Amino acid sequence: MLKRKCISVFSIGWLVIFVFTFACEQNKELAPNNVLIGEYQIIDLIVVNDENGVPQKTEDLNLLDHFLQLNNDGTFNMSKQNNGKLQNGNWIQSGSKLLLIMEDGSNFALSITQTDTSKLQLDQPFEAQLGFAPGVVYYEFCRI
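The structure presented is a predicted model; accordingly, all values stated were derived computationally and were not measured.

Analysis parameters
Counting restarts for each chain: residues are numbered from 1 in the order of the written sequence. Selection of residues for local features in this predicted model requires a pLDDT of at least 70, selection of side-chain atom pairs for listing and counting requires 80 or more, and totals for whole chains, interfaces and linings are taken over all residues. Where side-chain values are given, they derive from all heavy atoms of the structure, hydrogens and water being excluded. Per the convention used, a helix needs a DSSP run of H or I reaching at least four residues, while a strand needs a run of E reaching at least two, with both numbered from the N terminus. Note that accessible areas follow from Shrake-Rupley with a 1.4 Å probe, and for residues the cover is restricted to the protein chains shown. For each residue, the accessible area found with a 1.4 Å probe, counting protein chains only, is set against the maximum for its type, and the residue is called buried under 20%, exposed over 50%, and partly exposed in between. Whether two residues are in contact is decided by their heavy atoms: any pair within 4.5 Å suffices. Here, nonpolar core refers to any group of buried Ala, Val, Leu, Ile, Met, Phe, Trp, Tyr and Cys residues whose side-chain atoms link them within 4.5 Å. Here the rule is simple: two strands pair whenever DSSP picks up at least two bridges between them.

## Focus on the overall build of the protein chain
Consideration 1: In terms of regular secondary structure, the protein chain is built from 2 helices and 8 strands.
Consideration 2: Reading the protein chain from its N terminus to its C terminus gives the helix and strand order α-α-β-β-β-β-β-β-β-β.
Consideration 3: About 9,400 Å² of surface is accessible on the protein chain, with carbon and sulfur atoms providing 58% of the total.

Given below as C-alpha cells:
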C-alpha cells in the first residue's frame, strides 16, 4: 500500500511539473515582444496635421523610413528619412507602446495599432512647434 501511495505521489508530482513547464512555455510564446520581432518594410506613411496651426511638412518631421528590424535581444536597426543612413539602438515594448531609443539618445515613441504575422501598424504623434500644427504619423509595415 505504501509503495502504491509513493508511486501515485511521484506520478502526480511529475504531472504537475509537466503542466507547469508547458504553461510557462505557452506564456513565452504569447509574450508581446515575440510578436514584434522581425524585419519590416514600410508600405504606407500618412501624416495627419491637426487644424490648429500651419501644417508641418513631411520632410521637416523626424520619421521612420524604408525598413525596421526589431531583434530578439532588444536592439533594432532602421533607416531614417532625413539622412537615409542605418540607425541602431534599443527597443522597449510596454503594452501597446513601442519606444525606439537611438544610439544618440533621441527616441521614437510609437503606439502599436495592429500587429500580426504579416504586418505592423504604428502611430507616431508629434507636437506643435513654432506655430506649426501637432498631428500624427500613421505607418504601415509589411514583414519581409
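## Re the environment of Gly74
Consideration 1: Mapped onto the fold, Gly74 is located in the loop between strand S2 (64-70) and strand S3 (75-80).
Consideration 2: Classification of Gly74 by relative accessible area gives buried; the value is 17%.
Consideration 3: Along the chain, Gly74 and Gly89 lie 15 residues apart, while their C-alpha atoms are 8.6 Å from each other.
Consideration 4: With sequence-adjacent residues up to four places away left out, Gly74 is seen in contact with Gly89, Asn90 and Trp91.

## What to know about the nonpolar core
Consideration 1: One finds Leu64, Leu100, Leu122, Tyr139 and Phe141 to be the most contacted residues of the largest nonpolar core, which totals 23 residues.
Consideration 2: Listed by contribution, the elements that provide at least two residues to this core are strand S1 (38-49), S2, S3, strand S5 (97-102), strand S6 (107-115), strand S7 (119-126) and strand S8 (135-143).
Consideration 3: Among all residues touching Leu64, those that are not within four sequence positions of it are Ile42, Leu45, Met78, Ser79, Leu100, Phe108, Leu110, Leu122, Tyr139 and Phe141.

## Some thoughts on the side chain of Ser111
Consideration 1: By secondary structure assignment, the location of Ser111 is in strand S6.
Consideration 2: When sequence neighbours within four positions are dropped, the list of residues in contact with Ser111 reads Ser96, Lys97, Gln121, Leu122 and Asp123.

## Some details on the pairing of S7
Consideration 1: For S7, the tally of buried residues reaches 6 of 8 residues, placing the bulk of the element in the interior.
Consideration 2: Bridge analysis of S6 against S7 gives 4 bridges, and the strand direction is antiparallel. Of the residues in S7, the one forming a bridge with Ile112 is Leu122.
Consideration 3: In sequence, S6 turns back onto S7 through a hairpin of 3 residues.
Consideration 4: In terms of strand pairing, S7 meets S8 through 8 bridges, oriented antiparallel. In the sheet register, Leu122 faces S8, and the bridge partner there is Tyr139.

Interpretation note: all reported values are geometric properties and have no functional meaning in isolation.
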